[in-house]
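# Architecture at a glance
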Amino acid sequence: MTVAAKTAKRQRAKPGAAIPSPQPTELLAWYDRHRRKLPWRAAPGRRADAYRVWLSEIMLQQTTVKAVAPYYVRFLARWPDIRALAATPLDEVLKTWAGLGYYARARNLHACARAVVERHGGKIPVSQAALRDLPGIGTYTAAAIAAIAFDTRVTPVDGNIERVIARLYAVDTPLPKAKAEISRLAQALTPPRRAGDFAQAMMDLGATVCTPKRPACALCPWNDSCAARACGDAETFPQRTPKREGELRRGAAFVARRADGFVLVRTRPPKGLLGGMTEVPTTAWTADFQEGNALKGAPHFPTSMSKRHVAWQRRPGVVRHVFTHFPLELTVYVADVAARAPAPTGTRWTGIAELAGEALPSLMRKVLAHALTSDRIRKIQPGKDQS
Ligand code: SF4
């Protein structure tokens, strides 16, 4: 639907009453009074630093402000600029990222820092095309950096902004089909000046006022110009095509403890799900996993420590985890092996006391907590359900 057609629809939303068009200035005035104070934001009237904007935007991908804030502060203290980050080994970055989830972002963050140093002399580029050419930066993130760091006239459209626009214009096409239409409406509303503040104001409005449930329309600077509110059914927007759940996958995880205080781990391949992270050995995770065959996937200890001498014991219950595209259930087996036993090929021993410093994803923290409930590993708390 065109912007003109949307305007006509807005005028039909309430019989007998044309709805005024939303004005960017109304939102900006609200933002000046009610903006969220976030550690990566510049002080009022100051230009945001592109490195800080980029770092925060990568961390905020599919993650809440509350979860990101302490990680952002830690990263910035350790790597105050992009050259410092680029000069650090990936492993160190992954360790500092551990617990924040969606680990491909950490690998991309590191690759992007190196690309910015090599291709752009350490300066984050201004153009959205050049930004999109960098690892880990898609359309949304490029628009967010361009708007917030460089005041480019563009509004990045994430879930929060999608909701605000869908309600403001009562977009009745369901998502994801409505994405292009919502983006067009958002760009048409973006003012030529203060585009970065406008983008952040939209983010704040979506996060604090125009919430998914029970939006606080009485506090909204656009409550007179909102078509969904005029229809009396703001909460039903945006409309969505029902989602299909991913198929449940299952598998087994093996926690081998050595008598001298070590646990057997390995490093996942650098690419793909949880790439480069630390894990205990597991079987493949499949929809047709047969628990009766689980021990065939257990680590094979060499020579004198052959597998038949290692007594694997199944822990009661399962560990559940939800990745973006599928839920997972792992049964957990535990075995005690002799001190100084060599590690099977592709694995290594790590001290229980050192586990907290490993790049362990949330899933593996849950597995270890489940397996070693009476050990010091209890200190490693399960994190968020993220891939
Ligand atoms: Fe959202 Fe209500 Fe504001 Fe409309 S009036 S944009 S539904 S908060």
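This section reports on the structure supplied with the text. (Residues numbered from 1 in each chain as written. Predicted model: local features only at pLDDT ≥ 70, side-chain atom pairs only at ≥ 80, totals over all residues. Heavy atoms only, no water.)

## Comments concerning the overall build of the protein
When helices and strands are counted, the protein shows 14 helices and seven strands. The buried share of the protein, taken over its 387 residues, is 50%. Taking the contacts inside the protein whose residues are at least 6 apart along the sequence as the reference set, 69% of them involve residues at least 24 apart. By element, 53% of the accessible surface of the protein is carried by carbon and sulfur atoms, the whole surface being about 18,600 Å². (Helix = DSSP H or I, 4+ residues; strand = E, 2+ residues; numbered from the N terminus. Buried < 20%, exposed > 50% of the residue type's maximum accessible area, 1.4 Å probe, protein only. Contact = heavy atoms within 4.5 Å. Areas by Shrake-Rupley, 256 points an atom, 1.4 Å probe, with all protein chains shown as cover.)

## Considerations on the packing of helix H9 (residues 139-150) against helix H12 (residues 195-208)
Angle between the axes and distance between the axes: these two values describe a pair of packed helices. With their axes 7 Å apart at the nearest point, H9 and H12 run at an angle of 125° to one another. One way to sum up the angle between H9 and H12 is to call them oblique. Residue-level inspection shows Tyr140, Ala147 and Ile148 of H9 in contact with H12, the latter providing Ala195, Gly196, Ala199, Gln200 and Met203. Among the residues forming the contact of H9 with H12, the class breakdown is six nonpolar, two polar and no charged. (Axes fitted to C-alpha atoms, helices over the stretch in contact; angles between N-to-C directions. Parallel < 35°, antiparallel > 145°, perpendicular 65-115°, else oblique. Nonpolar A, V, L, I, M, F, W, Y, C, P; charged D, E, K, R; others polar.)

## What about the nonpolar core?
Ranked by internal contacts, the top residues of the largest apolar core, which has 104 residues, are Trp54, Trp222, Val255 and Val367. For this core, the element with the most residues is helix H3 (residues 50-60), which contributes eight residues. Counting residues domain by domain, this core receives three or more from each of domain 1 (3-236) and domain 2 (249-378). Within the second largest apolar cluster, 15 residues are counted, among which are Leu264, Phe289, Ala298 and Phe301. (Core = buried A, V, L, I, M, F, W, Y, C linked by side-chain atoms within 4.5 Å. Domains from an automatic or database assignment.)

## Observations concerning the site of the ligand
Around the ligand sit Arg167, Val209, Cys210, Cys217, Cys220, Asn223, Cys226, Arg229 and Ala234, and those are all the residues in its vicinity. Considering only residue class, the shell around the ligand consists of six nonpolar, one polar and two charged. (Near = heavy atom within 4 Å.)

## Quick notes on helix H14 (residues 362-371)
With respect to burial, H14 is a largely interior element, nine of its ten residues being buried. Taken as a whole, H14 has its buried residues at Ser362, Leu363, Met364, Arg365, Lys366, Val367, Leu368, Ala369 and Ala371. Contacts made by the buried residues of H14 are with strand E1 (249-258), strand E2 (262-267), strand E3 (278-279), strand E5 (319-322) and strand E6 (327-337).

## A short note on the side chain of Thr278
Looking at where Thr278 falls in the secondary structure, it is placed in strand E3. Polar side-chain contacts of Thr278 include one of 2.9 Å to the side chain of Glu358. Excluding residues within four positions of it along the chain, Thr278 makes contact with Val265, Arg266, Arg348, Glu358, Ala359, Leu360, Pro361 and Met364. (Polar contact = N/O pair within 3.5 Å; in protein donor to acceptor, adjacent residues only side chain to side chain.)

## Some details on the pairing of E1
Among the ten residues in E1, eight count as buried, and that is most of the element. The pairing of E1 with E6 spans ten bridges and is classified as parallel. Looking at E6, one finds that Arg249 is bridged to Leu328. Bridge count for E1 against E2 is two bridges, and the pairing is antiparallel. Of the residues in E2, the one forming a bridge with Arg257 is Val263. Linking two consecutive strands that pair antiparallel, namely E1 and E2, is a turn of three residues; a positive phi of about 90° is found at Gly261 within it. (Pairing = 2+ DSSP bridges.)

## Focus on the pairing of E5
Residues Val319 and His321 line the buried face of E5, whereas the alternating positions Arg320 and Val322 sit on a face that is not buried. Sheet topology places E5 next to E6; four bridges connect them, and they run antiparallel. Its bridge partner being in E6, Val322 is matched across the sheet by Pro327. Between E5 and the antiparallel strand that follows it, E6, lie four residues.

## Let's talk about unusual backbone geometry
Among all residues save glycine, negative phi is the norm, and among peptide bonds the norm is trans. The omega torsion of the bond from Leu175 to Pro176 falls at 10°, within 30 degrees of zero and hence cis. Although it is not a glycine, Arg194 sits at a positive phi angle of roughly 60°. Locating Arg194 in the fold gives a position in the loop between helix H11 (179-189) and H12. Of note in this structure, Arg214 is not a glycine but carries a positive phi near 45°. With respect to the helices, strands and loops of the structure, Arg214 is situated in the loop between H12 and helix H13 (227-231).

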